[in-house]
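As a plain string of letters, each chain reads:
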Amino acid sequence: MRIIDVHAHILTPECISIAGPLPAPDKDPFTFFTTPETAEVNRRMFAQIQSKLLTPEERIEDMKRMGVDIQAISPSPTQYFYWTDAPTGALLARMQNDRIKEVVDRYPTRFVGLGTLPMQAVDLALEELARVMKLGFAGVEISTNVNGIDLDHPQFAPFFAKAEELEALVFIHPIGFTHADRMRECYLNNIIGQPLESTLAISRLIFGSVLERHPRLNICVAHGGGYLPFYPGRLDHAWRVRPECRLTPRPPSAYLSKLYFDSVVYSAESLSNLVRQVGSDRIVLGTDYPFDMGESDPVGLIERTPNLSSADRSRILGENAARLLKVKS
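Remember, predicted model here, so these are calculated numbers, not experimental data.

1. Brief notes about the overall build of the chain
The secondary structure content of the chain amounts to 14 helices and ten strands. A compact globule built from 329 residues would reach a C-alpha radius of gyration of about 20 Å, and the chain, at 19 Å, matches this within 12%. Here the chain holds 329 residues, and 56% of them are scored as buried. Excluding contacts between residues fewer than 6 apart, the proportion of contacts in the chain whose partners are at least 24 apart in sequence is 76%.

This is how it looks when you write it as structure tokens:
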């Protein structure tokens, strides 16, 4: 069995020369809701990991140390660039996807591609989605919202329909909470904001009936899906007692079984709870490589997790991901 990491990032520095001179937007919560101290720590962190984001050979050596055979590589969320105009966003997405394609072609037994899309312009996103799937990508990475617009908004309906039709994996990864005025200090917009964003995004996809309308849609949510998989009872209770929440034919928790979640939850106890809630067939290994908030011992985390059978571990370590990513045996 091959160990497969579904959550690993890559950087395309050529995009910075295009996006860098553009006005810094308020719609990028990663940079907007921060402090000078956090900005400096992030600057040092990016300097330390830059070669890992850029150099496949160094990445492969790190994969060997972590016990990972294959990575699904997706862009750093800092390069979504949803705040740019549509033509620029399409250009930047294409540049990043071409970079991913280069790496995958150079090391086809080590990497699988997850592309990025100009989600601020859905018509252009559909074109790029079709292109990357023809290039052999397994799917795409998107954020939890697009410039503050939630994913259940009707404007994104064609995207989810096309992703379902093409059997593309949709990897949802946040880039900070959009209303994080109280989360600037202590990196809270990452520590708390990231899982909160995922919780909100999943809740919107459920209550907005996106998952009900697209039963064959493959979605994987980063960071263990945020808080929702650990607290679905409150949604179910609201669904039962609040008429404005009765928007789906089944209670919200029933839709968790339609999603996949990565294992980046940091503790064996949390992972055990996640397995108990959604089942080992819905969890895939992740690292968030190479960022400092990532998991450096992903295989060890799975092995330390209590109450897992050998079949459970095999599913999480690689079998589920191989099926989702269409990795050939």
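On we go from here.
2. Notes on helix H11 (residues 233-241)
Considered for burial, the residues of H11 that qualify are Leu 235, Asp 236, Ala 238 and Trp 239. Axial view of H11: buried residues confined to an arc of 160°, hence all on one face. Set apart from the buried face of H11 by more than 90 degrees, the exposed residues are Arg 234 and Arg 240. As for H11, its buried residues are in contact with helix H9 (193-207).

3. With respect to the side chain of His 9
By the element assignment, His 9 lies in strand E1 (residues 4-10). Take His 9: its relative accessible area is 0%, and that puts it in the buried class. At 3.2 Å, the side chain of His 9 forms a polar contact with the side chain of Asp 288.

4. Considering the environment of Thr 78
Position of Thr 78 relative to the elements: it lies in the loop between strand E2 (70-75) and helix H5 (86-106). Along the primary structure Thr 78 and Pro 29 are separated by 49 residues, whereas in three dimensions their C-alpha atoms are 10.0 Å apart. Apart from the residues lying within four places of it in its own chain, the contact partners of Thr 78 are Leu 11, Phe 30, Phe 46 and Ile 175. There is a polar contact of 2.7 Å between the side chain of Thr 78 and the side chain of Ser 76.

5. Quick look at the nonpolar core
For soluble globular proteins, nonpolar side chains are generally found buried alongside one another. If you look at the biggest cluster of nonpolar residues, it comprises 63 residues, and the most contacted ones within it are Met 119, Ile 142, Phe 159, Phe 160 and Ile 219. Leaving out residues up to four positions away in the same chain, Phe 160 has contacts with Leu 151, Leu 205, Val 210, His 214, Leu 217 and Ile 219. Counting 17 residues, the second-largest nonpolar core is a separate cluster that includes Ile 4, Phe 171, Val 284 and Leu 325.

6. Examining the packing of aromatic side chains
Counted under the stated rule, the structure contains six aromatic pairs. With 5.6 Å between their ring centres and 70° between their planes, Phe 46 and Phe 291 make a pair best called edge-to-face. Here Phe 46 is found in helix H3 (residues 36-54), whereas its partner Phe 291 is found in the loop between strand E10 (283-284) and helix H13 (298-304), with 245 residues between them in sequence. By relative accessible area, which is 21% here, Phe 46 ends up partly exposed. When the centroid spacing of 6.2 Å and the interplanar angle of 75° are considered together, the rings of Phe 81 and Trp 83 count as edge-to-face. Among the residues examined, Phe 81 registers a relative accessible area of 7% and is labelled buried. The lysine or arginine in question, Arg 184, covers the ring of Phe 32, its NZ or CZ lying 5.5 Å from the ring centre.

7. Here we look at the side chain of Asp 262
As for its position among the elements, Asp 262 is in strand E9 (residues 259-262). Within the buried core, Asp 262 has no salt-bridge partner, and the shortest N-O distance to an opposite charge, that of Arg 59, equals 13 Å. Only 2.7 Å separates the side chain of Asp 262 from the side chain of His 7, close enough to count as a polar contact. Beyond its immediate sequence surroundings of up to four residues, Asp 262 is in contact with His 7, Phe 171, Cys 220, Val 221, Ala 222, His 223, Gly 224, Leu 274, Ile 283, Val 284 and Gly 286.

8. Quick look at the packing of helix H6 (residues 122-134) against helix H7 (residues 157-166)
Running from N to C, H6 and H7 cross one another at 10°; their axes reach a closest spacing of 10 Å. In terms of orientation, H6 and H7 fall into the roughly parallel class. Seen along the crossing, H6 lies across H7 with a hand that is right-handed. Along the contact surface, H6 presents Val 122, Leu 126, Leu 129, Ala 130 and Met 133, while H7 presents Pro 158, Phe 159, Lys 162, Ala 163 and Leu 166. Considered class by class, the residues forming the contact of H6 with H7 number nine nonpolar, no polar and one charged.

9. So, unusual backbone geometry
Of the consecutive residues Tyr 289 and Pro 290, the connecting peptide bond is found in the cis state with omega at 0°. Along the chain, Pro 290 turns up in the loop between E10 and H13. Residue Tyr 187 is not a glycine yet carries a positive backbone phi of 60°. Tracing the sequence through the fold places Tyr 187 in the loop between strand E7 (169-172) and helix H8 (188-191). One non-glycine residue, Tyr 266, lies in positive phi territory at about 75°. Relative to the helices and strands, Tyr 266 resides in the loop between E9 and helix H12 (268-278). Accessibility expressed as a relative area gives 40% for Tyr 266, which makes it partly exposed.

The rules we used
- Residues numbered from 1 in each chain as written.
- Predicted model: local features only at pLDDT ≥ 70, side-chain atom pairs only at ≥ 80, totals over all residues.
- Heavy atoms only, no water.
- Helix = DSSP H or I, 4+ residues; strand = E, 2+ residues; numbered from the N terminus.
- Rg over C-alpha atoms; globule rule 2.2 N^0.38 Å.
- Buried < 20%, exposed > 50% of the residue type's maximum accessible area, 1.4 Å probe, protein only.
- Contact = heavy atoms within 4.5 Å.
- Arc of directions from axis to C-beta.
- Polar contact = N/O pair within 3.5 Å; in protein donor to acceptor, adjacent residues only side chain to side chain.
- Core = buried A, V, L, I, M, F, W, Y, C linked by side-chain atoms within 4.5 Å.
- Phe/Tyr/Trp six-rings, centres within 6.5 Å; stacked < 30°, edge-to-face > 60°.
- Lys NZ or Arg CZ within 6 Å of the ring centre and 35° of its normal.
- Lys, Arg positive; Asp, Glu negative; His and termini not counted.
- Salt bridge = Lys/Arg side-chain N within 4 Å of Asp/Glu carboxyl O.
- Axes fitted to C-alpha atoms, helices over the stretch in contact; angles between N-to-C directions.
- Parallel < 35°, antiparallel > 145°, perpendicular 65-115°, else oblique.
- Left-handed = near helix turned anticlockwise from the far one by under 90°.
- Nonpolar A, V, L, I, M, F, W, Y, C, P; charged D, E, K, R; others polar.

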